[in-house]
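# Architecture and fold: a report
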Amino acid sequence: MPRTWTLEALVEGVRGGDRRALARAITLVESSDRLAYELIRELYPETGRAYVVGVTGPPGVGKSSLLSALVRHVRAEGRSVGVISVDPSSPFTKGALLGDRIRLADHFLDPEVFIRSMGTRGHLGGLAEATLQATLVLDAAGKDLVFVETVGTGQSEVEVIGIADTVLLVLMPGSGDSIQALKAGIMEIPDVIAVNKRDHPAAKTMVAEVRSILALDPEQDRRPPIVLTEAVRDEGVDELWEKIAGHRAQLEESGTLAERRAENLAGEVFAVASAHAKTRLQEAVAEDEELRRLLGEVQRRELDPLTAVREIMEKVFRLSDGDGDGPDTR
Ligand SMILES: Nc1nc2c(ncn2[C@@H]2O[C@H](COP(=O)(O)OP(=O)(O)OP(=O)(O)O)[C@@H](O)[C@H]2O)c(=O)[nH]1
Ligand SMILES: [Mg+2]
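Within each chain, residues carry numbers counting from 1 in the order of the written sequence. Lettering of chains starts at A and numbering of ligands starts at 1, both following the order in which they are written. Only residues with pLDDT of at least 70 are given local features in this predicted model, and only at 80 or more are side-chain atom pairs given and counted; all residues enter the totals for whole chains, interfaces and linings.

## Things to note about the overall build of the chain
To keep it simple, the criterion reads: Every helix listed is a DSSP run of H or I at least four residues long, and every strand listed is a run of E at least two residues long, numbered separately from the N terminus. Exposure in this text rests on C-beta crowding, where 20 or more other C-beta atoms within 10 Å of a residue's own make it buried, 12 or fewer make it exposed, and counts in between make it partly exposed. The C-beta atoms are placed from the backbone. Distance between backbone-placed C-beta atoms decides contact: two residues are in contact if it is within 7 Å.
Helix and strand content of the chain: 13 helices and seven strands. Looking at the chain residue by residue over its 330 residues, the buried ones come to 38%. Within the chain, contacts between residues separated by at least 24 positions form 73% of all contacts whose residues are at least 6 apart in sequence.

Here is the structure:
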């Protein structure tokens, strides 16, 4: 095993599904290392074979427990699996998701399962970039299925699971967060919903509540199935997997899988580009006295905001506003 990985060794290692190469590749992704960029540039043409399932929901609803049960199910069918748990609030990998490690520990000895937690705070390209790249690594490694778990109830997780072919939203009785997000339209409509902890007395009420919110959606055909589960006892997990597989079959049969993937990829490129642009802007403002002076002028009402924007865009990105004679004021 190479101690310092060359690009060639990493490419071969990832292609062969070597665990140490995968671990190294994802660490490089996590720190926006140039080698990760080169690795994925090399492997990208080979990707697009894995099926990606995004798993999201509020903290503590049982996402990892449910994932562990789903992985067991999928392994029984003989498929290889990759799992990436993204913690949007943590820059650390080790120990940051101790709970996940315990809950997914059943699978650590299975060579066909690769599990990795990822912290991304401070990542240049934001959550979208780190998750996209990590998913591509596991895809190139030949994993049949890649699960991406992230905690959230709104915009931040949209970036993380934006690459998913199927989105599973996990809820639990008594947790109103996602219900609120769904209701407010902050959250995209998921493809499948699991109401976990069905042993909880309010489980049925929760299902009814979710149904009533989904009924508000005028588009009948995208009403997602709702499955009651008890992850820790493996209850309802078969049915949940059936619904996920059903969504996949539906996408494949209707020919919309390719369409969805094309949209997802375009969305990812846009999200990552936006994150890079934002980082670049913040750096520029921090480094450049003149840009800070412009902000000061806006704050003192000496310069209007759009004129400042135009000057900043010109200076940082060398972009002018089209006709070049000032902001489009309409
Ligand atoms: N009663 C009950 N407890 C459950 C069930 N599923 C998970 N739990 C418990 O709920 C707690 C949280 O489970 P996790 O799987 O870590 O939840 P999570 O959504 O991954 O949590 P974060 O990643 O921290 O957001 C743990 O103590 C689990 O044992 C269930 O079906 N019933
Ligand atoms: Mg978890």
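Resuming the write-up.
## Looking at the site of ligand 1
Using the following cut-off: Nearness here is judged by the C-beta atom: place it from the backbone, and if it falls within 6 Å of a molecule or strand, the residue counts as near that partner. Any residue that is not Ala, Val, Leu, Ile, Met, Phe, Trp, Tyr, Cys, Pro, Asp, Glu, Lys or Arg is counted as polar, Gly included; the first ten are nonpolar and the last four charged.
Gly62, Lys63, Ser64, Ser65 and Ala231 are the nearest of the 16 residues found near ligand 1. When contributions to the shell around ligand 1 are tallied by element, the ones reaching two or more residues are α4 (63–76) and α5 (98–103). Considering every element that reaches the shell around ligand 1, the biggest residue donor is α4, with three residues. Residues of the shell around ligand 1, tallied by class, amount to five nonpolar, six polar and five charged.

## Here we look at the packing of helix α2 (residues 19–30) against helix α6 (residues 126–140)
Defined as follows: Structural elements are reduced to axes, namely lines fitted to C-alpha atoms, with helices fitted over the stretch in contact, and the angle between N-to-C directions of any two is expressed from 0 to 180 degrees. Angular relationships are summarised with four words: roughly parallel below 35 degrees, roughly antiparallel beyond 145, roughly perpendicular across 65 to 115, and oblique for the angles in between. By definition, turning the near helix anticlockwise from the far helix through less than a right angle yields a left-handed crossing, and turning it clockwise yields a right-handed one.
Orientation of α2 relative to α6, taken along the N-to-C sense of each, is 165°, at an axis distance of 9 Å. Taken together, the axis directions place α2 and α6 in an arrangement best described as roughly antiparallel. Both α2 and α6 take part in a crossing whose hand is right-handed. On α6, the residues that touch Leu22, Ala25, Ile26, Val29 and Glu30 of α2 are Ala130, Gln133, Ala134 and Val137.

## Some details on the nonpolar core
Operational definition: Any set of buried Ala, Val, Leu, Ile, Met, Phe, Trp, Tyr and Cys residues joined through C-beta atoms within 7 Å is what this text calls a nonpolar core.
If you look at the biggest cluster of nonpolar residues, it comprises 70 residues, and the most contacted ones within it are Val14, Ala25, Val137 and Val148. Per element, the largest residue contribution to this core is nine residues, and it comes from α6. Those residues within four positions of valine 14 in sequence are excluded, and the remaining contacts are Ala21, Leu22, Ala25, Leu39, Leu43, Val137, Ala140 and Ala141.

## Notes on the sheet that holds strand β2 (residues 81–87)
Our working rule: A pair of strands counts as paired when DSSP detects no fewer than two bridges linking them.
Reading across the sheet, the seven strands line up as β3-β2-β4-β1-β5-β6-β7 and stay open at both edges, with parallel pairing between neighbours. If you trace the sheet from one side to the other, it starts and ends with β3 (113–119) and β7 (226–228), each paired once. For this sheet, the mean angle separating the axes of adjacent strands, direction not counted, is 20°. Here strand β5 (residues 166–171) runs beside strand β6 (residues 192–195); their pairing, made up of four bridges, is parallel. Within the sheet, the bridge partner assigned to leucine 168 lies in β6 and is valine 192. In the packing of α6 onto the sheet, the strands contacted are β1 (51–57), β2, β3 and β4 (145–151), and the crossing angle to β2 comes to about 165°.

## What about the packing of helix α1 (residues 7–15) against α2?
Where α1 contacts α2, the axes come no closer than 8 Å and their chain directions differ by 120°. When the axis of α1 is compared with that of α2, the two are oblique. The crossing of α1 and α2 is left-handed. Together, Leu10, Gly13 and Val14 of α1 and Arg20, Ala21, Leu22, Arg24 and Ala25 of α2 make up the contact between the two elements. Taken together, the residues of the contact of α1 with α2 break down into five nonpolar, one polar and two charged.

## A look at the pairing of β5
To keep it simple, the criterion reads: A crossover gets the label right-handed when its path from the first strand over the helix to the second runs clockwise, viewed with the strands pointing away from the viewer.
Within β5, six of the six residues are buried, leaving the element largely enclosed by the surrounding structure. Burial of β5 is two-sided: the residues Thr166, Leu168 and Val170 facing one way and the residues Val167, Leu169 and Leu171 facing the other way are all buried. Strand direction decides the pairing type here: β1 and β5, joined by four bridges, are parallel. Paired with valine 53 across the strands is threonine 166, a residue of β5. The handedness of the β5 to β6 crossover, carried by helix α8 (residues 177–184), is right-handed.

## Focus: the pairing of β6
Of the two faces of β6, the one lined by Val192 and Ala194 and the one lined by Ile193 and Val195 are each fully buried. As judged from the three bridges shared by β6 and β7, these two strands associate in the parallel manner. Bridging from a neighbouring strand, isoleucine 193 pairs with isoleucine 226 of β7. At this point the chain moves from β6, through helix α9 (residues 203–214), to the parallel β7, and the crossover so formed is right-handed.

## Considerations on the environment of histidine 247
Along the chain, the position of histidine 247 falls in helix α10 (residues 237–254). Linking histidine 247 and aspartate 191, residues 56 residues apart in sequence, is a C-alpha distance of 7.1 Å. In contact with histidine 247, not counting residues within four places along its chain, are Thr166, Asp191 and Val192.

## Details of unusual backbone geometry
Notably, serine 32 is not glycine yet its phi reads approximately 50°, a positive angle. Among the secondary structure elements, serine 32 is positioned in the loop between α2 and α3 (34–43). Phi at lysine 197 takes a positive value of approximately 60°, unusual for a residue other than glycine. Looking at the element boundaries, lysine 197 is found in the loop between β6 and α9. In this structure lysine 197 comes out as buried when scored by C-beta crowding, with 24 C-beta atoms within 10 Å.

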